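Residue strings, one per chain:
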Amino acid sequence: MRMSFGLTFRTAKGCWVPNLSQQCSRGSTGLFVPPSPPLDSEKVKELQRFITLSKRLLVMTGAGISTESGIPDYRSEKVGLYARTDRRPTQHGDFVRIAQIRQRYWARNFVGWPQFSSHQPNPAHWALSNWERLGKLYWLVTQNVDALHTKAGSQRLTELHGCMHRVLCLGCGEQTPRGALQERFEVLNPTWSAEAHGLAPDGDVFLTEEQVQSFRVPPCSRCGGPLKPDVVFFGDTVNPDKVDFVHRRVKEADSLLVVGSSLQVYSGYRFILTAQEKKLPIAILNIGPTRSDDLACLKLDSRCGDLLPLIDPR
Ligand SMILES: [Zn+2]
């Protein structure tokens, strides 16, 4: 019962396709998606009932929704970054204090950017955007920094951890587009080149020390301060105003659907606790166990892009 909403979308290759199910090929993009059991039609019906009964649905998404777009997550068994490598994400305190850490970060990010920024939404992102358009989705909160919900057209959206497509000056707070910084990197490093050897969830790649040390990083063009992607690094905290805002949206909602998150990070998990206090029904769609499985009235271990387009939001 795969549904077509009669819409057309642009694919990664720039051609328009008439059907949500054709958005994402299984080839290279399947690399980072953990194995999952076949779709269970009874579970699909249960999720359909859950969505039909929701009048003010809040959806919270995590890295698991973007693995089907070819972006790896950190924590999935066997296919997540932690399982495949000994790489760990940049720590906020190190980035702010140490110029060499910023140099290494930006050199890697410069190499990874063309690929990271070219990732496209998959059928799960398009489905949630469609739910919003049809008035089903009250608010969308994402833990992802990949801009894929925005690319799919979602507007009632809070990017809890910021977005890699923006750059923030640590001196004056000015926000600028990441694409413009890429052009400044290219001007400053005309002969510098390196190949990307594996991409992390935040667009980071692997480089040698020699490559890093010769990379030149521009300062803020307004105040000369250091530049940081407008994202919450590990070891940093989410802006309290943003947290309050999301708590209010959760309290206004009548149900909560988690999509592609193991809820291991407290910044997302705390909203589950708020939903539980409010006694909201909670459904979780995630391959593998989550921190809140025992709080959910419905748990589904399916690929987000297989399941969400099957749900009729009307
Ligand atoms: Zn500045």
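For clarity, every value in this text was computed on a predicted model and none was experimentally measured. (Residues numbered from 1 in each chain as written. Predicted model: local features only at pLDDT ≥ 70, side-chain atom pairs only at ≥ 80, totals over all residues. Heavy atoms only, no water.)

Caption draft 1: Local environment of the pattern of salt bridges. All told, the structure shown has 10 salt bridges when counted by the stated rule. We note a salt bridge from Asp 230 to Arg 166, for which the minimum N-O separation is 3.0 Å. With Asp 230 in strand β8 (residues 227-231) and Arg 166 in strand β6 (residues 162-169), this residue pair connects regions lying 64 residues apart in the sequence. A residue is classified by how much of its surface remains accessible, and Asp 230, at 13% relative accessible area, is buried. Residue classification places Arg 166 among the partly exposed residues on the basis of a relative accessible area of 26%. Note that Glu 174 and Arg 222 form a salt bridge whose closest N and O atoms lie 3.8 Å from each other. Of the two residues, Glu 174 is situated in the loop between β6 and β7 (175-177) and Arg 222 in the loop between α8 (209-213) and β8; the sequence distance between them amounts to 48 residues. (Salt bridge = Lys/Arg side-chain N within 4 Å of Asp/Glu carboxyl O. Helix = DSSP H or I, 4+ residues; strand = E, 2+ residues; numbered from the N terminus. Buried < 20%, exposed > 50% of the residue type's maximum accessible area, 1.4 Å probe, protein only.)

Caption draft 2: Geometry of the UniProt feature "active site" (unreviewed entry) in the protein chain. When the UniProt feature table is mapped onto this chain numbering, "active site" (unreviewed entry) sits at His 161. On the basis of relative accessibility, which here comes to 12%, the residue His 161 falls in the buried class. Apart from residues no more than four positions distant in its own chain, His 161 is found in contact with Thr 142, Gln 143, Val 145, Asp 230, Val 231, Val 232, Val 238 and Ser 267. (UniProt positions renumbered as here; feature names shortened; annotations may be inferred. Contact = heavy atoms within 4.5 Å.)

Caption draft 3: A look at the coordination of the zinc ion. The protein atoms that coordinate the zinc ion are Cys 169 (SG), Cys 172 (SG), Cys 220 (SG) and Cys 223 (SG), at distances of 2.3 Å. In this structure, the zinc ion is surrounded by four donor atoms whose angles at the metal cover 99 to 115°, and the resulting shape is tetrahedral. Residue Cys 172 is classed as partly exposed on the basis of its relative accessible area of 30%. Looking at Cys 223, the relative accessible area reads 42%, which means it is partly exposed. (Donors = N, O, S within 2.8 Å, 3.2 Å for Na, K, Ca; no water. Tetrahedral: all angles 85-135°; square planar, octahedral: opposite > 155°, others 65-115°.)

Caption draft 4: Expanded view of the UniProt feature "binding site: Zn(2+)" (unreviewed entry) in the protein chain. If you check UniProt for "binding site: Zn(2+)" (unreviewed entry), the listed places come out as Cys 169, Cys 172, Cys 220 and Cys 223 in our numbering. A maximum C-alpha distance of 8.5 Å places the annotated residues, which cover 55 residues in sequence, within one compact spot. By secondary structure assignment, the location of Cys 172 is in the loop between β6 and β7. Not counting residues up to four positions away in its chain, the partners in contact with Cys 172 are Cys 220, Arg 222 and Cys 223. Inspection of the secondary structure assignment puts Cys 220 in the loop between α8 and β8.

Caption draft 5: Molecular detail of the sheet that holds strand β11 (residues 298-300). Spatially, six strands are ordered β5-β4-β3-β9-β10-β11 in an open sheet, and the strand pairing comes out parallel. Because the sheet does not close on itself, it has two edges, and the strands there are β5 (157-159) and β11. Strand after strand, the sheet turns through a mean of 15° between neighbouring axes, direction not considered. With four bridges connecting them, strand β9 (residues 255-259) and strand β10 (residues 282-285) associate as parallel partners. The residue bridging Leu 256 from the neighbouring strand is Ile 282, located in β10. Against the sheet, helix α5 (residues 123-133) touches β3 (57-61), β4 (137-142) and β9, its axis set at about 145° to β4. Each of β3, β4 and β5 is contacted by helix α9 (residues 240-252), which is oriented at about 145° to β4, the strand it contacts most. (Pairing = 2+ DSSP bridges. Axes fitted to C-alpha atoms, helices over the stretch in contact; angles between N-to-C directions.)

Caption draft 6: Expanded view of the environment of Thr 158. With respect to the element layout, Thr 158 can be found in strand β5. For Thr 158, a relative accessible area of 6% corresponds to the buried category. Sequence spacing of Thr 158 and Val 141 is 17 residues, and the spatial spacing of their C-alpha atoms is 4.8 Å. Leaving out residues up to four positions away in the same chain, Thr 158 has contacts with Trp 139, Leu 140, Val 141, Thr 142, Lys 242, Phe 245 and Val 246.

Caption draft 7: A look at the nonpolar core. If you look at the biggest cluster of nonpolar residues, it comprises 25 residues, and the most contacted ones within it are Leu 47, Trp 131, Leu 257 and Leu 308. Apart from the residues lying within four places of it in its own chain, the contact partners of Trp 131 are Ile 51, Leu 57, Lys 136, Leu 137, Leu 257, Leu 308, Ile 311 and Pro 313. Listed in part, the 24 residues of the second largest apolar core include Ala 107, Val 145, Leu 148 and Cys 220. (Core = buried A, V, L, I, M, F, W, Y, C linked by side-chain atoms within 4.5 Å.)

Caption draft 8: The arrangement of the packing of helix α4 (residues 99-118) against helix α7 (residues 178-188) in detail. For the pair α4 and α7, interaxial distance at closest approach is 11 Å and the crossing angle is 110°. One way to sum up the angle between α4 and α7 is to call them roughly perpendicular. Considering only the axes of α4 and α7, their crossing is left-handed. Contacts between α4 and α7 pair Trp 106, Asn 109, Phe 110, Trp 113 and Pro 114 from the former with Arg 178, Gly 179, Leu 181, Gln 182, Phe 185 and Glu 186 from the latter. Per-class residue counts for the contact of α4 with α7 are six nonpolar, three polar and two charged. (Parallel < 35°, antiparallel > 145°, perpendicular 65-115°, else oblique. Left-handed = near helix turned anticlockwise from the far one by under 90°. Nonpolar A, V, L, I, M, F, W, Y, C, P; charged D, E, K, R; others polar.)

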